[in-house]
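Chain residues, written in single-letter form:
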Amino acid sequence: MRADLIIVHAEQLLTMAHAGEDGTPASGPFAGPDQGRLGLLEDAAIACHDGVIVAIGPTEEILAQVQEDPDCVTLDARGKIVSPGLVDAHTHLVFAGTREREFELRAKGASYAEIHASGGGIHSTVRATREASKTELLDLATRRLQTMLEHGATTVEAKSGYGLDFDTEVKQLEVLMELSRRHPVDVVPTFMGAHAVPKDQDAEAFVTWLVEDAIPKISIRGLARFCDVFCEKGVFTPEQTERILKAAQAHGLGAKLHADELVDTGGAALAAKLGAVSADHLHCANAEGLAAMAKAGVIATLLPGTGVFLGMREHAPARKMVDLGVPVAVATDFNPGSCFSESLPLMMSLAVTQLRLTPQEAWVAVTRNAAHAVGRGHRVGSLEVGKQADLVVWDAHDYRVVPYRMGINLVDTVVKLGKVVHRRSPRPEAQLV
Ligand code: NIG
Ligand code: FE
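The following paragraphs examine the structure supplied in this document. Predicted model, so just to flag it, every value in this text is computed and none were measured.

All right, on to the nonpolar core then. By size, the foremost hydrophobic cluster in this structure holds 105 residues, and its most contacted members are Leu93, Ile244, Leu282, Met293, Leu302, Trp363 and Trp394. The element that contributes the greatest number of residues to this core is helix α7 (residues 203–220), accounting for seven residues. Not counting residues within four places of it along the chain, the set of residues in contact with Leu282 comprises Ala259, Asp260, Ala268, Met293, Ala300, Leu302, Ala316, Pro317 and Met321. The next biggest cluster of nonpolar side chains, apart from the first, holds 16 residues, and it includes Ala10, Cys48, Ile53 and Ala77.

Below, the discussion takes up the layout of surface pockets. Roughly 470 Å³ of internal volume is contained in the largest pocket. Elements with a contribution of two residues or more to the lining of the largest pocket: α2 (100–107) and α3 (112–117). Here the lining of the largest pocket takes four residues from α3, the largest share from any one element.

The next subject is the sheet that holds strand β6 (residues 86–88). What the eight strands build is an open sheet, ordered β6-β7-β8-β9-β10-β11-β12-β13; its pairing is parallel. Edge positions in the open sheet fall to β6 and β13 (328–330), since each of these has one partner strand only. Taken pair by pair, the neighbouring strands of this sheet meet at an average axis angle of 25°, ignoring direction. With three bridges joining them, strand β8 (residues 186–194) and strand β9 (residues 226–231) adopt parallel strand pairing. Its bridge partner being in β9, Ala194 is matched across the sheet by Val229. Sheet contacts for helix α5 (residues 134–150): β6, β7 (153–159) and β8; angle to β7, the most-contacted strand, approximately 140°.

Cut-offs and rules
Residue positions are given per chain, counted from 1 along the sequence in the order it is written. Each chain gets a letter, beginning with A, and each ligand a number, beginning with 1, in the order they are written. With pLDDT at 70 or above as the cut-off, local features in this predicted model cover only qualifying residues; side-chain atom pairs require 80 or more to be listed or tallied, and sums for whole chains, interfaces and linings still use all residues. The side-chain quantities take in all heavy atoms of the structure and omit both hydrogens and water. Note on terminology: a nonpolar core comprises buried Ala, Val, Leu, Ile, Met, Phe, Trp, Tyr and Cys residues joined through side-chain atoms within 4.5 Å. Under the scheme applied here, a residue whose accessible area is under 20% of the maximum for its type counts as buried, over 50% as exposed, and between as partly exposed, the area being computed with a 1.4 Å probe on protein chains only. In this description a helix means any DSSP run of H or I spanning at least four residues, a strand means any run of E spanning at least two, and both kinds are numbered starting from the N terminus. Only heavy atoms enter the contact rule, under which two residues are in contact if any of them lie within 4.5 Å. Computed over the protein atoms alone on a 1 Å grid, cavities are sets of points where a 1.4 Å probe fits but cannot get out and pockets are open sets with protein on both sides within 12 Å along at least five of seven lines; a residue lines them when it has an atom within 4 Å of a point. Grid points are joined across faces, edges and corners, and a volume is the space filled by probe spheres set on the points. For two strands to count as paired, DSSP must find a minimum of two bridges between them. Between N-to-C directions, angles span 0 to 180 degrees; the directions come from axes that are lines fitted to C-alpha atoms, helices contributing only their stretch in contact.

Set out below in structure tokens:
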């Protein structure tokens, strides 16, 4: 067996995989008691060839099995852990302008919904994004994607939704397509024309435009894999959301919802009824809706950074979700209004401290389950022979340390498709004066 990249002597290697009694590897996201299943190996090695994982196991065994290519890269992970590349399953990556004034206004007591209703919020980012050129948007998004990569993400879902007109939505989606081609991180594009009702338009007429015009055209051009709707009081009603997502599904797009973020509108139950791939946020979701999601296999993508950023007192009922058997993913929600952070490791810290997931559950939430939430679970999110060689080496001796070191980036090396794409620059020796 040939190898062109081998990582040896990992103190811990998190496979996020396990095999049943008959040896068949588990498929699908992990839920309930499996939500915390790391498939942990000690003093382990992983060998890759042509971007694919070819062997995983105890270091001595793997070294005996593989034949190293002449230019094979060998990384020694003694005292470090190795995980799958992280998957950020919910981001709003492409936009122009920033909203630090609103950040201040909220500190002084204004709410997110009030700012939105008065024409700020999403509307102000829409204005800036309409004005920006494709080159400017590509440049801004590239830097953000690079920051995500440096924090361990190798696959990122990203939404349009700061255009709300055809040309700007297409401009955002084309930027995503270009990014995916030119940057090491894989980008999964989502059409979110239903992010807000444009200021001067009637909601029903806008929904009809999305359903009859925008969705068919976006789908035929192959610009999106998913369609997402902001189903929220004062934005899109559950009925409008259903119309939009049914049209999207009929045109071959997977359904996603921003559901029950600020108030309970029955978004969780709607996600189950539609067979959505994921329902996201869910701060205020009710128990029946969550039980329906568990039954329908809808993934809950939780965004604890948003709750913290908006100063919400209550967080999503993550423990109840795990108990009910809803597979839980965790993502950044990176956007200029409600969570301006690219760091998935920070979200893992918040998942443990605010959502009360265990560190094990938080790891599964940003790898295996997040991969399934973006339709890539067959290729990434776990370390298994035959899967894509997307890996992160962390400067930590135990997997718990990553969420424990809140706000500190412990990424040492990132491997994408079997190639080293990021290494932490060596730190200068501290100087005492
Ligand atoms: O996921 N909720 C809607 N969309 C984003 C916020 C977008 C914005 O404020 O620009 C969210 O929180
Ligand atoms: Fe969002």
